[in-house]
Amino acid sequence: MPQPTMAAGFAAAFLDYAAQRGASRQTLLASAGLTEAELEDQDARVPVAAYQALVMAGISATGDTALLLRHTFETKLEAISVVGQIVHSSQSLAHSIAQLNRYLRLMAEVEIAGTRDRFELLEESGAVWIVDHIAVVGPDYLGLEASFARFISEFRRSFPDLPFALEMEVTYPPPPHAAEYPDLFRIPVRFDAPRNALRIDPVWLSEDSAFEPGHAYSFGIFTRHADALLEALGRSERLRDRIEATILPDLHKGSLSMDQLARDLGMSRQTLYRRLKAEGETFADIHDDLRRRMALDYLTARKVSVSETAYLLGFSEASSFVRAFKRWTGQSPTAYLDRIA
């Protein structure tokens, strides 16, 4: 299996940050097995393992276990990744999270249990949560705390006078730098919780939220660039991603041929079936999940109507799409649009 990769921009930004705090650039690069040349293009790919080694080397060199966390709070995502540009030109919180899930692989490839998206916007008893479905094992908590820090820092920077984060739940135990959480996160944090989630002010789901419309042009530029990067990434990555990249242009055709898909991927139908089975996947599940994610993307962006979305996803009738959408989300497309309006 190919090793997971991530955008070089994150490694380059962390390297700069650690070096500013006294760590040797050459030592950090050597510890990660990276070169300056590999980090020149922020859209280039580096192994996730190399980035993790870079972070651990930076922590070791500075003696600061909160180094990655501080780095996250003090940097701007749009300066590191095109995904930051997309999120900042989104039309609402729900739209920005949909884009984040869509383009997450451009930042870093992370395994998520099942076929769900990494981030979920969830309403519970009047409270609004951003749930992170990543599995946390050992030092992986560094990436999780950084992801929540990124949400908080971006909103803190963009909307300094408005409340955003209210409390946080994490599955990991208190880290060595837990005493610094109150100063950095500025919200209550519950460790050893059953899930990883960030409770936010409900105003961000209302029509009165501070998101500003009118970024369609820049949003289109950024997403076209991101789509091109995804296409390139899909040519050499895991089978599920290659399948999604192959069938996406023909999604509107509805019934897709597994025989044709196998030919497009340069393998026999039997080989395709065996490889899918080895990865614990089925073609039907991949097709269905891609439809689900694209439906949420189309509707959240409000660029097309419900009937147009049904056509783009290959449903012969709008009623079939409505039934599928209810199965995916528990609500009709109209109800979903009313909720995010």
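Anything mentioned here points back to the structure above.
Attention here is on the structure that accompanies the text. Keep in mind that what you see is a predicted model, and the values were worked out from it rather than measured.

**Considering the pattern of salt bridges**
So, point 1. This structure, assessed with the given rule, holds 21 salt bridges.
So, point 2. Between D16 and R25 there is a salt bridge, with the nearest N and O atoms lying 2.8 Å from each other.
So, point 3. What makes D16 partly exposed here is its relative accessible area of 34%.
So, point 4. Residue classification places R25 among the partly exposed positions, given a relative accessible area of 25%.
So, point 5. R195 serves as the salt-bridge partner of E169, at 3.0 Å between the closest nitrogen and oxygen. Within this pair, whereas E169 is found in strand β5 (residues 165-169), its partner R195 is found in the loop between β6 (189-190) and β7 (196-200), the two being separated by 26 residues in sequence.
So, point 6. Residues joined by salt bridges that share partners form a network here, namely D117, R240, E244, E281, D289, R292 and R293.

**Brief notes about the environment of A108**
So, point 1. Residue placement: A108 occurs in the loop between α6 (93-107) and β3 (119-124).
So, point 2. Distance from A108 to V48, taken between C-alpha atoms, is 7.2 Å for residues 60 residues apart in sequence.
So, point 3. Once residues within four sequence positions are removed from consideration, A108 is found in contact with T5 and M6.

**A closer look at the sheet that holds strand β4 (residues 127-132)**
So, point 1. Spatially, the 5 strands line up as an open sheet ordered β3-β4-β7-β5-β6, and their pairing is mixed. With partners counted over all chains shown, the strands left at the sheet margins are β3 and β6, one partner each.
So, point 2. Alignment of β4 against β7, held across 5 bridges, turns out to be antiparallel. Bridge pairing links V131 to A197 in β7.
So, point 3. Each of β3, β4, β5 and β7 is contacted by helix α7 (residues 141-158), which is oriented at about 15 degrees to β7, the strand it contacts most.

**Let's talk about unusual backbone geometry**
So, point 1. A positive phi is found at S125, a non-glycine position, where the angle reads about 50 degrees.
So, point 2. Note that S125 resides in the loop between β3 and β4.
So, point 3. Taking the relative accessible area as the measure of exposure, S125 reaches 86% and is therefore exposed.
So, point 4. The phi angle at R186 is positive, at roughly 65 degrees, despite the residue not being glycine.
So, point 5. Positionally, R186 belongs in the loop between α8 (181-184) and β6.
So, point 6. Judged by relative accessible area, which is 58%, R186 ranks as exposed.

**Concerning helix α16 (residues 333-340)**
Helical geometry note: an α-helix holds 3.6 residues per turn, so side chains three or four residues apart project in the same direction.
So, point 1. Within α16, burial applies to P333, Y336, L337 and I340. Down the axis of α16, the smallest arc covering the buried residues is 95 degrees, so these residues share one side.
So, point 2. On its buried face, α16 is in contact with α6, α13 (283-301), α14 (306-312) and α15 (318-329).

**Brief notes about the packing of α13 against α15**
So, point 1. Running from amino to carboxyl end, α13 crosses α15 at an angle of 95 degrees, the nearest separation of the two axes being 11 Å. Between α13 and α15, the interaxial angle falls into the category roughly perpendicular. Residues D288, R291, R292, A295, L296 and L299 of α13 touch α15, and the partners they reach there are F321, F325, R327, W328 and T329.
So, point 2. A breakdown of the residues in the contact of α13 with α15 according to their chemical character gives 6 nonpolar, 1 polar and 4 charged.

How each quantity is defined
Residues numbered from 1 in each chain as written. Predicted model: local features only at pLDDT ≥ 70, side-chain atom pairs only at ≥ 80, totals over all residues. Heavy atoms only, no water. Salt bridge = Lys/Arg side-chain N within 4 Å of Asp/Glu carboxyl O. Buried < 20%, exposed > 50% of the residue type's maximum accessible area, 1.4 Å probe, protein only. Helix = DSSP H or I, 4+ residues; strand = E, 2+ residues; numbered from the N terminus. Contact = heavy atoms within 4.5 Å. Pairing = 2+ DSSP bridges. Axes fitted to C-alpha atoms, helices over the stretch in contact; angles between N-to-C directions. Arc of directions from axis to C-beta. Parallel < 35°, antiparallel > 145°, perpendicular 65-115°, else oblique. Nonpolar A, V, L, I, M, F, W, Y, C, P; charged D, E, K, R; others polar.

These figures capture arrangement, not role.
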